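# Tertiary structure, described
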Amino acid sequence: MKENKTGKRREDTLEAGADGIIEGRNAVIEALRSGTAIDKIYIARGETDAALGHIASTARGKGVVVVEADRRKLDNMSRTHSHQGVIALAAVREYASVEDILNAAREKGEPPLIVVCDELSDPHNLGAVIRTAECAGAHGVIIPKRRSAGLTAIVAKTSAGAVSHVPVARVPNLPALLKELKDEGIWVFGTAADGDRLLYEADLKGPAAIVIGSEGDGMGRLVAETCDFKVRIPMKGKLNSLNASAAAAILLYEAVRQRM
Ligand SMILES: C[S@@+](CC[C@H](N)C(=O)[O-])C[C@H]1O[C@@H](n2cnc3c(N)ncnc32)[C@H](O)[C@@H]1O
């Protein structure tokens, strides 16, 4: 038994907790060995011992994303303070492919409506975007493989279960993905508070991908350069920008209004 941050005693377990966190070397190795679906593995930066190297290479061999992170990040994620330099996040469901998302639109006979999240790191934001995407009838959400929250327990909870209904695809390279979508005849609408096109002048009736930028920096330069349009939501107060998931909701429901 160990004490957690709140001083309560808890039994160590090899299973992911309700938050999907699997921590410690044996627990992570066992999860990999037993085929537990893992979204991502964090390994403390600078730790070079053989056991962690073995975990990283086994994980990569199974196609799991391995991220080197500051030890402080692992300390903050840890429930037990005994992560031993490695934490895995369990995945709540399989990722879809981009083709699955395009097929979902074809099956419904609708022009694709897709949300692309450019490195949203806050799982609450990603969960909220997935929830709104489901409510607005979007055909899917696409995220990058790295530097993004993934389909973890917190995202599932914040999405209110929408992760079970909306296909979420993960891709290695967002600019390349956007080019592929453009080749499919989909218009790519980037979003930024200083965008040159007012939202209400954007035609969202046709095939559309809406790109939402990260919490801190907004859309990456290459992503922004690949967009067909950069759309802005009018800001009437003193702040510079909306929350990413709020911006996604406004764009999605403008698309719903135009498609009615
Ligand atoms: C918190 S904002 C990012 C702010 C960042 N400092 C920037 O300069 O873009 C997160 C994302 O929400 C969307 N967003 C926020 N406010 C917006 C607005 N007024 N118009 C269009 N998109 C907006 C954009 O996708 C933005 O990248």
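Residues numbered from 1 in each chain as written. Predicted model: local features only at pLDDT ≥ 70, side-chain atom pairs only at ≥ 80, totals over all residues. Heavy atoms only, no water.

## Focus: the sheet that holds strand 3 (residues 21–23)
Taken together, four strands build an open sheet; the order of strands is 3-6-4-5 and the sheet is mixed. With one partner strand each, in any of the chains shown, strand 3 and strand 5 (65–69) form the two edges of the open sheet. On average, each strand axis in the sheet is inclined to that of its neighbour by 25 degrees, with strand direction left out of account. Bridge analysis of strand 3 against strand 6 (residues 86–90) gives three bridges, and the strand direction is antiparallel. Within strand 6, the position partnered with I21 by the bridge is L89. Running at roughly 120 degrees to strand 3, helix 1 (residues 25–34) makes contact with strand 3, strand 4 (38–44) and strand 6 of the sheet. On top of the sheet, helix 2 (residues 50–61) reaches strand 4, strand 5 and strand 6; it is set at about 155 degrees to strand 4, its chief contact. (Pairing = 2+ DSSP bridges. Helix = DSSP H or I, 4+ residues; strand = E, 2+ residues; numbered from the N terminus. Axes fitted to C-alpha atoms, helices over the stretch in contact; angles between N-to-C directions. Contact = heavy atoms within 4.5 Å.)

## Some points on the domain arrangement of the chain
You can read the domains of the chain as domain 1 (2–90) and domain 2 (98–259). Distance from the C-alpha centre of domain 1 to the C-alpha centre of domain 2: 30 Å. In this assembly, 10 residues from domain 1 lie in contact with eight residues from domain 2. It is D39, K40 and V65 that lose the most area in domain 1 upon contact with domain 2, and together they represent 56% of the buried surface on that side. Where domain 1 meets domain 2, there are one salt bridge. Between R170 and D39 there is a salt bridge, with the nearest N and O atoms lying 3.4 Å from each other. There are four residue pairs in polar contact (both at pLDDT 80 or more) connecting domain 1 and domain 2. If you list the elements that add at least two residues to the side of domain 1 that touches domain 2, you get strand 4, strand 5 and strand 6. (Domains from an automatic or database assignment. Buried area = accessible area lost by both parts, 1.4 Å probe. Salt bridge = Lys/Arg side-chain N within 4 Å of Asp/Glu carboxyl O. Polar contact = N/O pair within 3.5 Å; in protein donor to acceptor, adjacent residues only side chain to side chain.)

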